[in-house]
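# Structural characterization, general
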Amino acid sequence: MQMVTQNPQDPAFVADPYPFYHRIRAMGDLVRWQDYDLTVATSHAAVGALIRDTRLGRETPEELRQTPPQHLAPFYAVEDHSMLELERPRHTRLRGLVLRAFTSRGIAALAPEIEALSHTLIDGFPAGPFDLLDRYARHVPVIVIARLLGVPEATAPDLLRWSGAMTGMYRAGRTLADEVAAAGAAADFSDFLRDHIDRRRRDPGDDLLSHLIAAHADGDRLSEPEMIATAILLLNAGHEATVHALGNAVNVLLGTRMRPDDPAATVEEALRFDPPLHLFTRWVYEPLTFMGHDFARGDRVGLLLGATNRDPSVYEDPDRFDPGRWARHAPAPHLAFGAGPHFCVGAPLARMEMQIALRVLFDRCPDLALAEQPQVADIYHFRGLRRLLVTT
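A brief look at the structure comes next. (Residues numbered from 1 in each chain as written. Predicted model: local features only at pLDDT ≥ 70, side-chain atom pairs only at ≥ 80, totals over all residues. Heavy atoms only, no water.)

### Some thoughts on the nonpolar core
By size, the foremost hydrophobic cluster in this structure holds 89 residues, and its most contacted members are F102, L132, Y136, L159, F189, L349 and L361. Sorting elements by how many residues they give to this core places helix 13 (residues 224-256) first, with 15 residues. Apart from the residues within four sequence positions on either side, L132 is in contact with F125, A137, V250, L361, L388 and V390. (Core = buried A, V, L, I, M, F, W, Y, C linked by side-chain atoms within 4.5 Å. Buried < 20%, exposed > 50% of the residue type's maximum accessible area, 1.4 Å probe, protein only. Helix = DSSP H or I, 4+ residues; strand = E, 2+ residues; numbered from the N terminus. Contact = heavy atoms within 4.5 Å.)

### A short note on the sheet that holds strand 8 (residues 279-284)
The sheet built from 6 strands is open, its strands ordered 1-2-3-11-8-4 with mixed pairing. In this open sheet, the two strands that pair with only one neighbour each are strand 1 (3-4) and strand 4 (56-57). In this structure, strand 3 (residues 38-41) lies alongside strand 11 (residues 300-304), joined through 3 bridges in parallel fashion. Considered in strand 11, the bridge of T39 is made with V301. Where helix 3 (residues 44-52) meets the sheet, its contacts fall on strand 2 (30-33), strand 3, strand 4, strand 8 and strand 11, and the angle it forms with strand 11 comes to roughly 130°. (Pairing = 2+ DSSP bridges. Axes fitted to C-alpha atoms, helices over the stretch in contact; angles between N-to-C directions.)

### A look at the pattern of salt bridges
In this structure the tally under the stated criterion is 31 salt bridges. A salt bridge links E226 to R93; the shortest N-O distance between them is 2.8 Å. Here the residue E226 occupies a position in helix 13, and R93 occupies one in helix 5 (residues 90-101), the gap between them amounting to 133 residues. The exposure class assigned to E226 is buried, which follows from its relative accessible area of 11%. (Salt bridge = Lys/Arg side-chain N within 4 Å of Asp/Glu carboxyl O.)

### A look at the packing of helix 7 (residues 111-123) against helix 17 (residues 347-364)
Running from N to C, helix 7 and helix 17 point in directions that differ by 40°, and their axes come no closer than 9 Å. As far as their axial angle goes, helix 17 and helix 7 are oblique. When you trace helix 7 past helix 17, the crossing you get is right-handed. Counted together, A111, I114, E115, S118, H119, I122 and D123 of helix 7 and L349, M352, E353, I356, A357, R359, V360, L361 and R364 of helix 17 form the full contact between these two elements. (Parallel < 35°, antiparallel > 145°, perpendicular 65-115°, else oblique. Left-handed = near helix turned anticlockwise from the far one by under 90°.)

Here it is in structure tokens:
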């Protein structure tokens, strides 16, 4: 296995990580990324197989678990009940109960609200240059999630602040200050949701928190910590991933002078071309040999989603943004939402939000244009913009 070095905070890498991905993919399906001290899978075949293999997972092996430092206790009080961090049987149980509340019918019913919200936000665009992330991309998903959960839309600034602080735990080069901020946000977010869960127990409504309280199977119900962790996961994923995905999509459309004439194909291509999550790690649970490499229990593997979505063995001319490829033929599904047991539970909502928000934006603002070169945020292993200054 070849070794590679690449600082994930290097400005050139932050601006464009794809040349690095092409370089290491040519070295093999598996390489050792020294900066992370991590074996990473680079190809569509390798990532696709490992992400579905139940011999690997997100939950830390029992013998490797450590008590978190005291300053991070509030953060891990949430993480310890998050679907994203659990495996069978806890993950299966929790996901099944959540899906009883997070139904496709309920998500589809949000379409008119998302369309109306998009129009309302566009009505408020200023006359001069403005940051589309602040005025549009951040507001669509956070307001939709607030409505879905049944919490006041006026709390959106708090939700955004808490979400941004918590997801800072997953970024390269995090500091002690980042950890303290994440723990504080987790505590505040949990208190906020605990209060709303209490209210919904007394006065149920037609919202996700009420449905999570009512969801049960064979007498089993979600505990309060599980409900809190689920609500936070949906908000954090909906904010961090969908905001970045929407911003990245607008950026590439404006850069290529394209319009989302086929919103569904445009969204799929945008998610393939520049996904919001580039690195997803998993633990090895039992010894296995994969593509010539022996893994032991307790090893960690990084799945480079950003690399696999540009694999030339799967996608013709992968560095070209081409929504038409999804109409001409059926390429292998991209892995922006993951796959297997941990396939993103919010993927249908994220797709719908992006399709509607892009269509309405370009219909209402046919002269939308970049006012400056977009600024990429230093937030790896996420991929998104720090600012997207535009004019209408």
